[in-house]
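What follows is each chain in one-letter form.
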Amino acid sequence: MALPTVAIVGRPNVGKSTIFNRVVGERVSIVEDEPGVTRDRIYGTGEWLTNRFHVIDTGGIDISDAPFLDEIRQQAEIAIEEADVIIFIVNGREGVTSADEEVAKILFRSKKPVVLAVNKVDNPEMRADIYEFYSLGFGEPYPISGSHGLGLGDMLDEVVHKFPESKGEPYEEDVVKFSLIGRPNVGKSSLVNALLGEERVIVSPVAGTTRDAIDSVYRYDGQDYVIIDTAGMRKKGKVYEKTEKYSVLRALKAIERSDVVLVVLDGEEGIREQDKRIAGYAHDAGRAIIIVVNKWDAVEKDDKTMRKFEQEIRDQFQFLDYAPIVFLSAKTRQRLGTLLPAIHMVSENHSMRVQSSILNEVILDAVSMNPAPSDKGRKLKVYYATQVAVKPPTFVVFVNDPELMHFSYERFLQNTIRQAFTFEGTPLKIIARKRK
Ligand code: GDP
Ligand code: GDP
């Protein structure tokens, strides 16, 4: 189920990132620039009362070279596009500025729910000064102090009060939901268009689709599929849509709702740092993954090119050793037909259950052939394993002491399971638990 999203907007220095950090605490996805340089935290998860929600600090999405007003305008547009509720922050020490009025105009037109927060109201005497902010047209302003943590509770009460009813997934359990993620310009929208234009794909109305018009639902070979966030991939030409941070934001949201994630690479350009980061989010989220090398038509090839590219992917994406690789071209449609069968295959594996009796035979055999090394004189003993979940397949292994289960042995057990069963395309989770 998709969580509601809250976006924080306002001009520079009003305290957006201070409030963001207060609201999400430590539960943040770190969207880094170059490692070790700046660390912008723009996307996280917050909690208030019984509500969990995503938070976006739009101030962290820098639109390169945009003049000041353009930049905050675009940040406001991102908020409108992405959020269910917007927190509009102004500075209580400066009063209403023309930039505030500019942002207010854009937000007002969108009709999205807005909570107006007047920041830097660090003491009660200053509360008298907040009334001029009524003029922005969003009703009662909430006085807060980000640096002192004051007033945030009342503000968040109002935010969760404005959440939409419920955002449950409109699709049946057996519908395969997938998304395409990747840097700007790798060819995601071209691929979506090519897929939806396939002759054997029948776009069919499935109950619930009208509730979320940005997904594309279709039937192929007797199976229903949904492309999550089609709108985000078939872009409408806004400037910010080509920025990397925005692409990460879209990716995170799409991953959340998907069973299968296609990590799209640009075969012509090769692998970039950003590709690994984006793929890492899909892996961490436990989704089934296919690596798609697009633009293969534009690559000058001999008989070793594909093998070499494949090896480079394996070297660079070691954590994705389970993901199949598909080379194709959205432009010429070359090998496009292999994509849907691959999606079908990995989604089956992602939701596969194995029988406990066979699982145990396999695990206990492997353990007796290859016992865990001892750790300070103590030895891990494996008694029993059972699959407790799917999507991704998750196994609980009962042992004498979970502390003795080291990463390398867990890896060994994973490989054992992979060799015995067909889990291609899906991460596996192993949880060591003490046998009672
Ligand atoms: P952003 O550019 O909107 O993200 O603003 P920041 O969160 O980076 O804050 C800008 C400056 O305002 C920083 O120096 C903060 O320490 C300061 N600031 C943020 N919140 C408050 C507050 O509640 N009271 C005061 N006095 N200063 C604050
Ligand atoms: P997105 O930003 O990832 O959605 O990428 P687009 O679909 O907008 O594609 C970016 C550019 O790559 C466009 O100029 C496309 O025409 C081009 N492109 C996309 N797919 C292919 C392909 O398979 N081969 C070639 N040669 N170019 C492609």
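Here is what the cut-offs are and how they apply
Residues numbered from 1 in each chain as written. Chains lettered and ligands numbered in written order. Predicted model: local features only at pLDDT ≥ 70, side-chain atom pairs only at ≥ 80, totals over all residues. UniProt positions renumbered as here; feature names shortened; annotations may be inferred. Near = placed C-beta within 6 Å. Nonpolar A, V, L, I, M, F, W, Y, C, P; charged D, E, K, R; others polar. Helix = DSSP H or I, 4+ residues; strand = E, 2+ residues; numbered from the N terminus. Pairing = 2+ DSSP bridges. Axes fitted to C-alpha atoms, helices over the stretch in contact; angles between N-to-C directions. Contact = placed C-beta atoms within 7 Å. Buried ≥ 20, exposed ≤ 12 C-beta atoms within 10 Å, placed from the backbone. Right-handed = clockwise from strand over helix to strand, strands pointing away. Core = buried A, V, L, I, M, F, W, Y, C linked by C-beta atoms within 7 Å.

- As annotated in an unreviewed UniProt entry, the chain carries the name GTPase Der and is attributed to Siminovitchia fordii.
- The record held by UniProt for the chain lists under Subunit (unreviewed entry) the comment "Associates with the 50S ribosomal subunit."
- Database annotation for the chain, UniProt heading Sequence similarities (unreviewed entry): "Belongs to the TRAFAC class TrmE-Era-EngA-EngB-Septin-like GTPase superfamily. EngA (Der) GTPase family."

Brief notes about the site of ligand 1
Now for step 1: For ligand 1, the set of nearby residues contains 15 residues, the closest of which are G15, K16, S17, T18 and G146.
Now for step 2: Class assignment for the residues of the shell around ligand 1 results in two nonpolar, ten polar and three charged.

A few points about the site of ligand 2
Now for step 1: Close to ligand 2 lie 16 residues; G187, K188, S189, S190 and K331 are nearest.
Now for step 2: Broken down by element, the shell around ligand 2 gets its largest block of residues, three residues, from helix α5 (residues 188–196).
Now for step 3: Here the residues of the shell around ligand 2 are counted per class, giving five nonpolar, seven polar and four charged.

Brief notes about the sheet that holds strand β13 (residues 325–327)
Now for step 1: Spatial ordering of the open sheet is given by β9-β10-β8-β11-β12-β13, a layout of six strands whose pairing is mixed. Since the sheet does not close on itself, it has two edges, and those belong to β9 (216–220) and β13, each with one partner. Averaged over neighbouring strand pairs, the angle between their axes works out to 25° when direction is ignored.
Now for step 2: Pairing of strand β8 (residues 176–181) with strand β10 (residues 223–227) involves three bridges; the strand directions are parallel. Opposite K177, over in β10, you have V226 as the bridge partner.
Now for step 3: Here helix α7 (residues 244–257) sits on the sheet and contacts β8 and β11 (260–266); the angle it forms with β8, its principal contact strand, is near 165°.
Now for step 4: Along the sheet face, helix α8 (residues 273–284) touches β8, β11 and β12 (288–294) and points at about 170° away from the line of β11.

A word on the sheet that holds strand β15 (residues 394–399)
Now for step 1: Read from one edge to the other, the open sheet built from three strands follows the order β14-β15-β16, with strand pairing classed as mixed. On the outer flanks of this sheet lie β14 (382–389) and β16 (429–434), each paired with one strand and no other. For this sheet, the mean inter-axis angle between neighbouring strands, taken without regard to orientation, is 25°.
Now for step 2: The pairing of β14 with β15 spans six bridges and is antiparallel. Bridge assignment links V382 to a residue of β15, and that residue is V399.

Things to note about the pairing of β12
Now for step 1: Burial runs high along β12: seven of the seven residues are buried.
Now for step 2: Bridging between β11 and β12 involves seven bridges; their strand directions are parallel. Note on β12: the bridge partner recorded for V264 is V292.
Now for step 3: A crossover links β11 with its parallel partner β12, the connecting element being α8, and its sense is right-handed.
Now for step 4: Bridge analysis of β12 against β13 gives three bridges, and the strand direction is parallel. Counterpart to V292 in the pairing with β13 is V326.
Now for step 5: Read as a crossover between parallel neighbours, the route from β12 over helix α9 (residues 305–316) to β13 is right-handed.

Considerations on the environment of V217
Now for step 1: Within the secondary structure layout, V217 lies in strand β9.
Now for step 2: The spatial distance from the C-alpha of V217 to the C-alpha of V23 is 35 Å, given a sequence separation of 194 residues.

Remarks on the environment of P341
Now for step 1: Counting through the fold element by element, P341 comes out in helix α10 (residues 339–350).
Now for step 2: Residue classification places P341 among the exposed residues on the basis of 12 C-beta atoms within 10 Å.
Now for step 3: Distance from P341 to Y220, taken between C-alpha atoms, is 9.5 Å for residues 121 residues apart in sequence.

So, the nonpolar core
Now for step 1: Counting 96 residues, the largest nonpolar core has F88, V263 and I291 as its most contacted members.
Now for step 2: When residues of this core are assigned to their parent elements, the largest contribution, seven residues, is made by α7.
Now for step 3: Among residues more than four places away in sequence, those in contact with I291 are V263, L265, I313, F317, L320, A323 and I325.
Now for step 4: Judged by nonpolar contacts, the second largest core, of 16 residues, contains V397, L413, I417 and L428.

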